[in-house]
Structures are given as C-alpha cells and as structure tokens.
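# Residue-level structural notes
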Number of protein chains: 2
Amino acid sequence: MSKQSDITSIVVTKLKEIVPNQDFVALHEPLFRGNEWSYVKECLDTSWVSSVGKYVDLFERKLAEYTGTDYAIAVSNGTAALHAALIVAGVEAGDEVIMPTLSFVATANAAAYIGAVPHFADIEESTLGLDANKLDEHLARITEIRSDGCYNKNTGYRIKAVVPMHTFGHPVDLDPLVEICKHYKLVLVEDAAESMGSFYKGRHTGNWGLLSAVSFNGNKIVTTGGGGAILTNDASLAKQVKHLTTTAKVPHKWEFVHDRIGFNYRMPNLNAALGCAQLEQLPDFIEKKRAVAQVYQQAFAGIEGVVCFKETGFAQSNYWLNALLLHESHASCRDDILGQTNSQGIMTRPAWNPLHTLDMFVNCPSMDLSMAVSVCNRLINIPSSACLGDEYA
Amino acid sequence: MSKQSDITSIVVTKLKEIVPNQDFVALHEPLFRGNEWSYVKECLDTSWVSSVGKYVDLFERKLAEYTGTDYAIAVSNGTAALHAALIVAGVEAGDEVIMPTLSFVATANAAAYIGAVPHFADIEESTLGLDANKLDEHLARITEIRSDGCYNKNTGYRIKAVVPMHTFGHPVDLDPLVEICKHYKLVLVEDAAESMGSFYKGRHTGNWGLLSAVSFNGNKIVTTGGGGAILTNDASLAKQVKHLTTTAKVPHKWEFVHDRIGFNYRMPNLNAALGCAQLEQLPDFIEKKRAVAQVYQQAFAGIEGVVCFKETGFAQSNYWLNALLLHESHASCRDDILGQTNSQGIMTRPAWNPLHTLDMFVNCPSMDLSMAVSVCNRLINIPSSACLGDEYA
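Residues numbered from 1 in each chain as written. Chains lettered and ligands numbered in written order. Predicted model: local features only at pLDDT ≥ 70, side-chain atom pairs only at ≥ 80, totals over all residues. Heavy atoms only, no water.

Moving on, we come to the relation of the copies chain B and chain A. The relation between the two chain copies is a rotation about an axis coupled with a shift along that axis. Aligned on chain A, chain B shows an RMSD of 0.0 Å; the corresponding rotation is 180° and the shift along the axis is 0.0 Å. Interpreted geometrically, this transformation is the action of a two-fold axis. A share of 98% of interface residues in chain B that are also interface residues in chain A marks the association as one of identical surfaces. (Least-squares fit on C-alpha atoms with pLDDT ≥ 70 in both. Contact = heavy atoms within 4.5 Å.)

Below, the discussion takes up unusual backbone geometry. Residues and elements named next belong to chain B. Backbone geometry places Lys-185, a non-glycine residue, at a positive phi of 55°. Although it is not a glycine, Tyr-319 adopts a positive phi angle of roughly 45°. By the element assignment, Tyr-319 lies in the loop between β13 (315-316) and β14 (322-326). (Helix = DSSP H or I, 4+ residues; strand = E, 2+ residues; numbered from the N terminus.)

Turning our attention to the sheet that holds strand β15 (residues 349-350) of chain A. All names here are of chain A. Spatially, four strands are ordered β12-β14-β16-β15 in an open sheet, and the strand pairing comes out antiparallel. Two strands bound the open sheet, and with one partner strand each, they are β12 (306-308) and β15. Here β15 pairs with strand β16 (residues 379-382) via two bridges, running antiparallel. Bridged to Arg-349 within β16 is Asn-381. Along the sheet, helix α10 (residues 282-301) contacts β12, β14 (322-326) and β16; its crossing angle with β14, the most-contacted strand, is approximately 20°. (Pairing = 2+ DSSP bridges. Axes fitted to C-alpha atoms, helices over the stretch in contact; angles between N-to-C directions.)

Before going further, it helps to spend a moment on the interface of chain B and chain A. In this complex, chain B contributes 54 residues to the contact, which on the side of chain A involves 53 residues. When chain B packs against chain A, the two sides together hide about 4,600 Å² of surface, and 67% of this comes from carbon and sulfur. Contact with chain A buries area across many residues of chain B, yet Trp-37, Trp-254 and Phe-256 of chain B alone supply 16% of it, more than any other trio. Applying the counting rule to chain B against chain A returns zero salt bridges. Applying the counting criterion to the chain B and chain A interface returns 15 residue pairs in polar contact (both at pLDDT 80 or more). At the level of elements, α2 (36-46), α5 (105-114), α9 (269-280), α11 (334-343) and β15 (349-350) of chain B are the ones that each hand at least two residues to the side of chain B that touches chain A. Here the side of chain B that touches chain A is built from residues that sort into 25 nonpolar, 19 polar and ten charged. (Buried area = accessible area lost by both parts, 1.4 Å probe. Salt bridge = Lys/Arg side-chain N within 4 Å of Asp/Glu carboxyl O. Polar contact = N/O pair within 3.5 Å; in protein donor to acceptor, adjacent residues only side chain to side chain. Nonpolar A, V, L, I, M, F, W, Y, C, P; charged D, E, K, R; others polar.)

For the rest of this paragraph, the subject is the domain arrangement of chain A. One widely used convention gives an interface's size as the accessible area the parts lose upon coming together. All names here are of chain A. Structurally, chain A comprises domain 1 (3-31 + 281-391) and domain 2 (36-278). Put simply, the middle of domain 1 and the middle of domain 2, counted by C-alpha atoms, are 25 Å apart. In this assembly, 43 residues from domain 1 lie in contact with 54 residues from domain 2. Across the domain 1 to domain 2 interface the summed buried area is about 4,000 Å²; carbon plus sulfur atoms make up 69%. By the criterion of area lost to domain 2, the three top residues of domain 1 are Phe-314, Trp-352 and Met-367, representing 20% of everything that side buries. At the junction of domain 1 with domain 2, the criterion picks out 25 residue pairs in polar contact (both at pLDDT 80 or more). Counting only elements with at least two residues in the side of domain 1 that touches domain 2, the list comes to α10, β13 (315-316), β14, α12 (370-378) and β16. (Domains from an automatic or database assignment.)

All names here are of chain A. As for its placement among the helices and strands, Leu-324 is situated in strand β14. Taking relative accessible area as the criterion, Leu-324 reaches 0% and is therefore assigned buried. For the pair Leu-324 and Ala-111, spaced 213 residues apart in the sequence, the C-alpha separation amounts to 30 Å. If we ignore the near neighbours within four places in the chain, the residues touching Leu-324 are Val-11, Phe-300, Val-306, Val-307, Cys-308, Arg-378, Leu-379, Ile-380 and Ile-382. (Buried < 20%, exposed > 50% of the residue type's maximum accessible area, 1.4 Å probe, protein only.)

The next point concerns the nonpolar core. Counting 106 residues, the largest nonpolar core has Phe-59, Met-196 and Phe-216 of chain A together with Phe-59, Met-196 and Phe-216 of chain B as the members making the most contacts within it. Apart from residues no more than four positions distant in its own chain, Met-196 of chain B is found in contact with Leu-63, Tyr-66, Thr-67, His-204, Val-214, Phe-216, Ile-221, Val-222, Leu-279, Leu-282 and Asn-318 of chain B. (Core = buried A, V, L, I, M, F, W, Y, C linked by side-chain atoms within 4.5 Å.)

Residues and elements named next belong to chain A. Residues annotated in UniProt with the feature "modified residue: N6-(pyridoxal phosphate)lysine" (unreviewed entry) correspond here to Lys-220. You can see Lys-220 is positioned in the loop between β10 (211-215) and β11 (228-232). Not counting residues within four places of it along the chain, the set of residues in contact with Lys-220 comprises Ala-193, Glu-194, Ser-215 and Trp-320. (UniProt positions renumbered as here; feature names shortened; annotations may be inferred.)

Dropping the structure here:
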C-alpha cells in the first residue's frame, strides 16, 4: 500500500497526464455539434419559444423512443420532475420516502415540498446506489405491513415510496428493489436524473419505476439549458403528470378552469429544441464518455489504494461522471487531492455531503449509513466531458 | 342602449375591421427583431446555456435598471417568482394571503404551495385590480391587530400579506394599499407578472411591494420563453431570494452544503440571453402596444354598451392585453362574441374564472366579490400583439 503523500501526488500526476493541458478543465462541458443552431433558430424565426410548440412534443416522443418508455413528459428541470413524479405516485404529506443518503439535495427536497419526510438508506460500493439487501433487513426490522400500506413502527408514519438514484449515471441494482417494493407495498420511483443513456440488464433505466425522473441540466450528458422529464409506462399516470405540470388546466375552448393545485413546470419550446438536437447526438456522447472512462480506468488500474469506479455486470453505464475511490486508509488524502487539482485548473469535486448530515434533514429517519459515509469521505469526481473523448473514442 | 344582437355584431365587425385579415390573429405574438439570435447563438457557441453564464447576470442588471429597483433575481417563471417572494416575505403555512379573485391561478397556487390560504378580495372597475376601500372596510370588520400581526377573527388565522395584481398590465392603485398594509401589519407583495413596462405615478410597478414578481412567459410583453423575476429594493431579501431559488447552496470551493429546503428555480442562461435582447426592445413594444390600444379605444368610443378598457390618471400602462367591457345589460352577449370571433380566427378570451370559484379554492375565506364576478361575466380580451402596432405606432 502506497504512502499518503504518494497517493496524492500519483493521483494528481495521473490526472494531469490524462486531461488536456489547458487553463481550466471542467467536470462537464456540454457539446453542441449537431442541429442545435438550426432548431433553436427555427424557434426564434417562427416565434414559438414558449410552452407550446412542436419541439416540446418532438422531444417527448424522442425521449420515449430512446428510453423505451411509453410516455415522456418534459418539464422545467429534474427537481420538478421528481416533485411531480412523487405526487402522482401517491406520496402525501406525512409519508416517508426511502432514498439513498448519497444523492443530490433535490431527491430529498422533492419529498419535502409535499410535506413528506426523507428516510435515508445506505448504498453499496459496487453500484454507489441503494443497497437492496441492507434495505430489506432494515424494513423487516422497523416496518409493519398493513392493508393500506407499510408503516414505520418507530415513527408511526406510512412509508410510501422508494427512490433509488443512479449515481453518476451508474444503474443501481433494480430487480431486488422491485421485489422489495412488491413485498412491502411500496411504490418505486427512479431518480434517473443522471442516467440518460444508461441501461440495466439491456433495458434503459427509468423503466422499473412506476415513474422516473430525468434531468437535462447543463451538466448532464444531454442538456436543454435547464430541463427535466418524467418517464412512465402508465397512460393514466402520464396524463396526470402532464395535467399537474401544466397548471392543472382543464381543456376548454376558452374558459380558464383549473381543477387542482397545479404547477408551472412546462419546458419552453426553445429549450426543447436544444434537447432534440442533443438527443440526436446521445449515442455519440455515450461512446465518448465511455472512452474517457476507459482511459481513467487503465491509468489507475495498477495503482494501489485508489480505483476508478467501473460499472458492474448488469450495467451499461453512460459514465456521466467518473469517480476515483480512495482506499479507506487514504481517505485523509481526499482534500489534498481536491485542493491540488482545483488550484491547478483541473476541476474535481467530492461526493455530495450525505443528505442526512444537512441541517434540514438531520432529524429524518434513517438506517445504518456507514457505507455511504465511508464512500463520501474518499470519493473524488474527475473531469468527464464528452469532448475529452475526442481523442479516445 | 343597443340591442343584444346589435352589440354582438357591432363588436365582431369592429374587431374584423381592426385586426389584420389573416387566418389567425393571436392574443399575443412575441416579436424577435433585435439581438435575439446573436445572443442566443453566443450561448451555443460558448457552451454557456445553463444556470451559470453572463446573460443571467446581465438580464438581472438590466431588469433592475429598467424597473428602477435595486435588485432583480431571474427565475424559471412567474409562478416560481411569486412562490419565492411569498416565502421570503414571511408567509408561512396556515397564514392567509389577500389577493384579488380576478387573477391567474398562479397567484393562489403560490400561496397554496406554502400551505397558506388565499383570502379573496374584490376589484374596482377603474383599474381591474384590488379595491382598496372595500378591502379596508372588510379588514376593519373581520380582523384583530395583535402585537405579532393581523388575525382573521372568523378563521383564527393570521393574515400575513396582500398581493395586488396589475391586471392585463394596468397598475392597481398602490398608495392606498401601502397604507392598508402599514395599518394592518401586512406585507405588500406585488404580482407584477403582466406589468413589465407599466408605471404607477411615474415609477415602475414592482417598487411598492416588499418584493414583486414578474413573468416572462411567451405571452408577456417581453419573453424569455419561460421565465420570471423577483424585484426588491432590500439587499437582504434579494440575497435570501437568490439563495432560496438556487437550491440554498452555501458557497464553498467544493463542498455541497445546502442549509434549507431550497428550490431549483434558476433561469437558464439561454433564456436570459433571449430576455436581454427582448428588454432592449421594450420601449418600442410599449409604444406599439399603446398604439394598438388607442385604435381599439377610438373604434369603440362611440358605441353604447361596450367600452375598451383605458388606463386611469395615475397609470401609464403597457397595455399588455386589451379588454372590452360590456355593459351589464349585455353580459349575455359575451359567449356569442367569443364564439363568433374565435370561429373566425380572431382569438379572444374571457377573463379568468374567478379564483374563488375553482374547486380547490371554494372554501377559502373571502369578502363580497360582486364587482369581480360582474367584470368576469362581461369582459373580453382581444388581440394585443405588439406587431399589430406596426401600422399604428
């Protein structure tokens, strides 16, 4: 095992060898090399920039087609997608929602918007996503299954949903989670914000949840500037999502009737136009991203004390964001590596602070979270833009 | 007074004379004749399309400059702007929020998102906005002012805020509302969604509320595709709004700490670029819109039983959306006029259904709403695009 100082300098040196020699290398830089100009300009030329226009419909159709889901509903961002998905999944105020503590804050916020309570679960190192075995044991211990659902015996509240997240684009092990949801009468909602282009056992992520949420933020593999979508294979839920995210307006030739508290979560046509052009290039982006991942994996293959995260057997990952995982004995090097790389213009980031440690969520229910805490302390995300793959793909 | 059938045919004939002879004339059509393509193209060429980029900052600066407010914070839409403004204004779950029943559903939804309750108030015919006198009498009757705020004696709940809305761009009479808010310990939040370019007593709307909400939806006088902004003259509130609408992330060189339940309400740079180009043309759009209004006013000036709404003495309106007001005795012609115009390709719309009549708000507290109900029954919005002013301005 290498010494602490060795690991820091080895990692920094390796990264400098791999990434381009330029002033600043971002974690993610979007690539606009397709029909972006032409589609966006058409929006301006025809004045269709807002919530109605052909690109929203086209983007939704293309999304459904690519992911193999029956329905896709475009919205303003991934947070909005999660919020709408949880509402339509039946999550209500006072319910608990199981989610990994290793996630972006939006996963927990979406539950909180409804007045529901995040219930944090641990992850497994092989997927960086929910640990199904550990979750099963936890639920067996703390829940009581009643005719109307699954109840947390400790808090007295209903547990309504499980929201696994495909961390950095890597598919979580979905099949055992589907089984758990069946057994405990829970609804599965996939947080697929990062996994456009990632497949689980040959099928696109987002097909296992009753509903799934995708993000097209500027840092994602395909972007609409800001945007998201809800995927589902259920016609009735798709209709509800569309209604809920478009102010719940009841169709009428001119009257303004809204039949529930709705949301203004529409994706503007301008942004959908960008999305259509981006989706066309997704296969190419994935190829480039996977090539970048392979370069990192090879570079760090022989080095003791650090690994570059690699997809597991059932997963075909989009490698949205590459991650180095330090051995536990080198966790204390994380901040040194972050400091040295960032100060030298190579953007690196730690994992998110675990959600259960954030002020507003510290009192939420949880299970043993030791793996997530361990991973957070020793994980470093490294530059992963598709353009880095230009020389490798 | 003209007969019912006369009024219908007079109105339809007049509208056909005024609007262009084409297959379809919209209520609002955006105009992109400035730097839209050049700014948007720059976003694509530099890859800055998302939540960070120079156009968001520039748009905020230009907005503050134009409206004469100290701070403007760009967000994803007008609903998000209202939601954030109400939170930062201190509205909490269980509070009541006074608003006109004549408004778009977003005004009430924004309160409902917080768990607050809309409390509906009546309007005056001369502004189509909140009737301050009637509100004052109502509050005198039903409220008790305590050290910690104003309480509704009927419901027991605190009334926290008053949210006047500048209907169709016409400024409401703000000064008496400011007095009422002072007297009753209420916070004033302006719903200025429709009033970009509208001035009250020589100063831009949005300067009277502690915070104000603006919209840049596709139908507004200037558009960002989808977008909104919060205006305020308070540095601390501006900072809170920015924090709240950008996931409440605490600045750090790399850590992901969020210190409250925040929202993903950012305006993407791509949309802000469009907004910057649109703002440059706002003075021209206003001129054109005012010219269109004058043509309508002159056309309907001599006709008994119908008037085209005109700004009052204290107001300089953007005339975002022109409205015909039928005399009460002709209210029954409204649907005939709507039917005939829309079937002939001239888009017209009634006012929104009063908010207190929508299912989810029927049990909300309210006062006598007879003027709003009367106006709703006899109001018709007519085509008001700036491009119609090309021949008049």
